[in-house]
Amino acid sequence: MTREEHRTVVTDDPMRYPTRQVASEIHDIVESQPSGGEVARRVIVLVFGIVQILLVLRIVLLLVAANQAQPLVNAILTLSQLFVAPFEGILGTDALSSNASILDVAAVVALIGWSVLELVILWAVNIFRRESA
């Protein structure tokens, strides 16, 4: 980010210069950009945010019994399965179903697990940031 600041300083000393004013302009150009730690934090939040959105979409789509033959629903379920797979089998059951509706318990556990992992990584990155958090 570039910010240019213009200031005008006017001095009026009637004792020394009764009819004259002295003016000067000061131009400051300030370059500001995020530190490496801030960039890393933003990338981590973006990546984990995408994962969390996929998992929430998976949970909702299975709860409302969305048509899995529809390409968009199928794509979301397939992509999100990559992030659910490490958490399958942690609890005694991976899914609860009623009629066509399914509560994907493994996806809920995965959402919690990925969120905790994000917090731990952000905590580690914040240790090495230059600016105060």
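For the structure itself, look to the data block above.
Let me begin by describing the structure that accompanies this report. Residue numbers here run from 1 along each chain, matching the order of that chain's written sequence. Restriction of local features to residues with pLDDT of at least 70 applies here, the model being predicted, together with a cutoff of 80 or more for giving and counting side-chain atom pairs; totals for whole chains, interfaces and linings are based on all residues. Side-chain descriptors were evaluated using all non-hydrogen atoms of the structure, hydrogens and water having been removed beforehand.

**Looking at the nonpolar core**
If you look at the biggest cluster of nonpolar residues, it comprises 15 residues, and the most contacted ones within it are I44, L55, V84, F87, A110 and W114. To qualify as a helix, a DSSP run of H or I must reach at least 4 residues; to qualify as a strand, a run of E must reach at least 2; elements of each kind are numbered from the N terminus. Contributing elements (two or more residues each) for this core: α1 (36-63) and α3 (105-127). Contacts: residue pairs with any heavy atoms within 4.5 Å of one another. In this structure F87 touches A106, V109, A110, G113 and W114, once residues within four positions along its chain are discounted. Among buried residues, the Ala, Val, Leu, Ile, Met, Phe, Trp, Tyr and Cys ones that are joined through side-chain atoms within 4.5 Å form a nonpolar core. Burial classification: accessible surface area is computed with a 1.4 Å probe over protein chains only, and a residue below 20% of its type maximum counts as buried, one above 50% as exposed, and the rest as partly exposed. Within the second largest apolar cluster, six residues are counted, among which are L54, L62, V73 and I76.

**Some remarks on the environment of V51**
Inspection of the secondary structure puts V51 in helix α1. With 32 residues separating them along the chain, V51 and F83 place their C-alpha atoms 7.4 Å apart. The contact partners of V51, leaving out residues within four places of it in the chain, are F83 and W114.

**A closer look at unusual backbone geometry**
Glycine aside, residues mostly have negative phi, and peptide bonds are mostly found in the trans state. Non-glycine residue A65 carries a positive phi angle of around 55°. Locating A65 in the fold gives a position in the loop between α1 and α2 (71-84). Phi at N99 is positive, roughly 55°, even though this residue is not glycine. By secondary structure assignment, the location of N99 is in the loop between β3 (95-98) and β4 (101-104). Relative accessible area serves as the criterion here: at 83%, N99 is assigned to the exposed category.

**Some points on the pattern of salt bridges**
Oppositely charged side chains may form a pair once their charged atoms are brought near each other. A side-chain nitrogen of Lys or Arg and a carboxyl oxygen of Asp or Glu constitute a salt bridge if their distance falls within 4 Å. Evaluation of the coordinates by the stated rule reveals three salt bridges. The salt bridge involving R41 is made with E38; its shortest N-O contact spans 2.8 Å. With R41 and E38 both in helix α1 and three residues apart, this pair spans about one turn of that helix. The class for R41 is partly exposed, based on a relative accessible area of 26%. R42 is paired through a salt bridge with E38; the nearest N and O atoms lie 3.0 Å apart. Here E38 and R42 lie together in helix α1, a separation of four residues that amounts to about one turn. Assessed through its relative accessible area of 46%, R42 is described here as partly exposed. The class for E38 is buried, based on a relative accessible area of 10%. Taken together, the shared-partner salt bridges in this structure form one network comprising E38, R41 and R42.

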